[in-house]
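Examining the three-dimensional arrangement
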Amino acid sequence: MQRSAPRTRLTRILACAAVPVMLVAAGCSSDSDDSGKAQGQGGTTVSASATPSPSQTTKAVEPARFAKLPEVCKAISAKTTASLVPKAKTKNGTPAVSSDLASRGGCSWNGLEDKGVKGSQYRWLDVSFYRYESDASLGSGQERAQENLAKELAKVEATPGAKNLRTVVATGIGDEAKTVTYRLRKTDEDFVYTSVVARTGNVLVLLSYNGAGYAGADTPSEKTITSGAVKAVKEAVAAVAAANK
């Protein structure tokens, strides 16, 4: 024969039947003792106020350092662009199409300088900015920019047809930077390229500078192209900080 539940327990069960399910689960369990702890399997007591596991909490991320980008076509001074691309078709640069100028933007200059019987010199300068926000699921803006720096560097290093490619760590440019110099044959001429991938905080700066000699003109030296690229990217990186003062 089964024994009847004690009166106090029966009264408690009837009282709990009259309250919402959420409240019953929270405080009316018939397996709770007087100390407010629930009995687990095997009689082990488990505190009702146990600390949530790390997977249940939101990961805090470092705030993004920079909130906006500079005006891209003015990020490199007119004096510098004039010296690197002497006969630019568009003196003030041609802006790239962007649907979100707060997060990405670009500008380019290109031109052919005619030197008469000495031939002609062609130059192209291109700069792009990418800004990353901090995100709890993706990481801080700085971490995201760092990850994308590695991806962009890999793209440059995989340039089809590139010869004598060399990657070098560049010091004194933002938080980190690398230059990639190589030669590329196109339009029946030898082009010399230097691409710089640089990061300053949560902003990635990608700059490419290249040139070639036409109609008998000498091919520009790697030193000339690389020094020009480094000068321009330093100005671009500095423009990010200036825009956020």
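The shown structure was predicted, so the numbers you read here are calculated from the model rather than taken from an experiment.

**Considering the environment of Ser108**
Mapped onto the fold, Ser108 is located in strand S4 (residues 104-114). Sequence-wise, Ser108 and Gly93 are 15 residues apart; in three dimensions their C-alpha atoms are separated by 5.4 Å. Discounting residues that sit within four places of it in the chain, Ser108 has contacts with Gly93, Thr94, Trp124, Leu125 and Asp126.

**What about unusual backbone geometry?**
Glycine aside, a negative phi is what most residues show, and trans is what most peptide bonds show. Despite not being glycine, Asn164 has its phi angle at roughly 55 degrees, a positive value. In this fold, Asn164 is placed in strand S6 (residues 163-169). One non-glycine residue, Ala215, adopts positive backbone phi at about 55 degrees. Assignment of secondary structure puts Ala215 in the loop between strand S9 (203-214) and helix H5 (222-243). For Ala215, a relative accessible area of 64% translates into the label exposed.

**Some points on the nonpolar core**
Membership of the largest hydrophobic core comes to 32 residues, with the highest contact counts inside it found for Ile76, Leu125, Val127, Phe129, Ile173, Val205 and Leu207. Listing elements by their share of this core, those giving two or more residues are S4, strand S5 (120-131), strand S8 (189-200), S9 and H5. Excluding its chain neighbours within four sequence positions, the residues that come into contact with Val127 are Val72, Ile76, Gly105, Gly106, Cys107, Trp109, Val205, Leu206, Leu207 and Ala236. In this structure, Tyr132, Leu153, Val180 and Tyr182 belong to the second largest nonpolar core, which totals 15 residues.

**Quick look at the side chain of Asn210**
Assignment of secondary structure puts Asn210 in strand S9. A relative accessible area of 4% means that Asn210 is categorised as buried. With residues up to four places along the chain from it excluded, the contact list for Asn210 reads Tyr122, Arg123, Trp124, Phe191, Val192, Tyr193 and Ile225.

**Some words on the pairing of S8**
With 10 of its 12 residues buried, S8 lies for the most part within the structure. Two elements, strand S7 (residues 176-186) and S8, share 11 bridges in a ladder whose sense is antiparallel. Residue pairing in the sheet places Lys178 in a bridge with Val197 of S8. Turn length for the S7-S8 hairpin, with the two strands adjacent in sequence and antiparallel, is two residues, and the turn residue Thr187 shows positive phi of about 45 degrees.

**Quick word on the sheet that holds S5**
With respect to topology, seven strands assemble into an open sheet ordered S3-S4-S5-S9-S8-S7-S6, the strand pairing being antiparallel. Two strands in the sheet have a free side with no partner beyond their single neighbour: strand S3 (94-95) and S6. Where S3 meets S4, two bridges bridge the pair, whose relative direction is antiparallel. Following the sheet pairing, Thr94 is matched in S4 by Ser108. Sheet strands touched by helix H4 (residues 141-157): S6, S7, S8 and S9. Its angle to S8, the strand with the most contacts, is close to 170 degrees. Against the sheet, H5 engages S5, S6, S7, S8 and S9, with an angle of about 150 degrees to S9.

**What to know about the pattern of salt bridges**
What the rule picks out here adds up to nine salt bridges. Between Arg166 and Glu222 there is a salt bridge whose closest N-O contact spans 3.4 Å. Taken together, the positions of Arg166 in strand S6 and Glu222 in helix H5 put the pair 56 residues apart, joining distant regions of the chain. A residue is classified by how much of its surface remains accessible, and Arg166, at 43% relative accessible area, is partly exposed. By sharing partners, the salt bridges in this structure join Arg65, Asp175, Glu176 and Arg199 into a single network.

**A look at the packing of aromatic side chains**
Under the criterion given, the structure shown has four aromatic pairs. When the ring of Tyr122 is compared with that of Phe191, the centres are 6.0 Å apart and the planes differ by 70 degrees; the resulting orientation is edge-to-face. On the criterion of sequence distance, the pair formed by Tyr122 in strand S5 and Phe191 in strand S8 is long-range, its members being 69 residues apart. Phe191 shares its class with Tyr122; the two are buried.

**As for the pairing of S9**
Summarising burial for S9: 11 of the 12 residues are buried, a large majority. Here S5 pairs with S9 via 12 bridges, running antiparallel. By the bridge assignment for S9, Arg123 is matched with Gly211.

The rules behind each value
Residues numbered from 1 in each chain as written. Predicted model: local features only at pLDDT ≥ 70, side-chain atom pairs only at ≥ 80, totals over all residues. Heavy atoms only, no water. Helix = DSSP H or I, 4+ residues; strand = E, 2+ residues; numbered from the N terminus. Contact = heavy atoms within 4.5 Å. Buried < 20%, exposed > 50% of the residue type's maximum accessible area, 1.4 Å probe, protein only. Core = buried A, V, L, I, M, F, W, Y, C linked by side-chain atoms within 4.5 Å. Pairing = 2+ DSSP bridges. Axes fitted to C-alpha atoms, helices over the stretch in contact; angles between N-to-C directions. Salt bridge = Lys/Arg side-chain N within 4 Å of Asp/Glu carboxyl O. Phe/Tyr/Trp six-rings, centres within 6.5 Å; stacked < 30°, edge-to-face > 60°.

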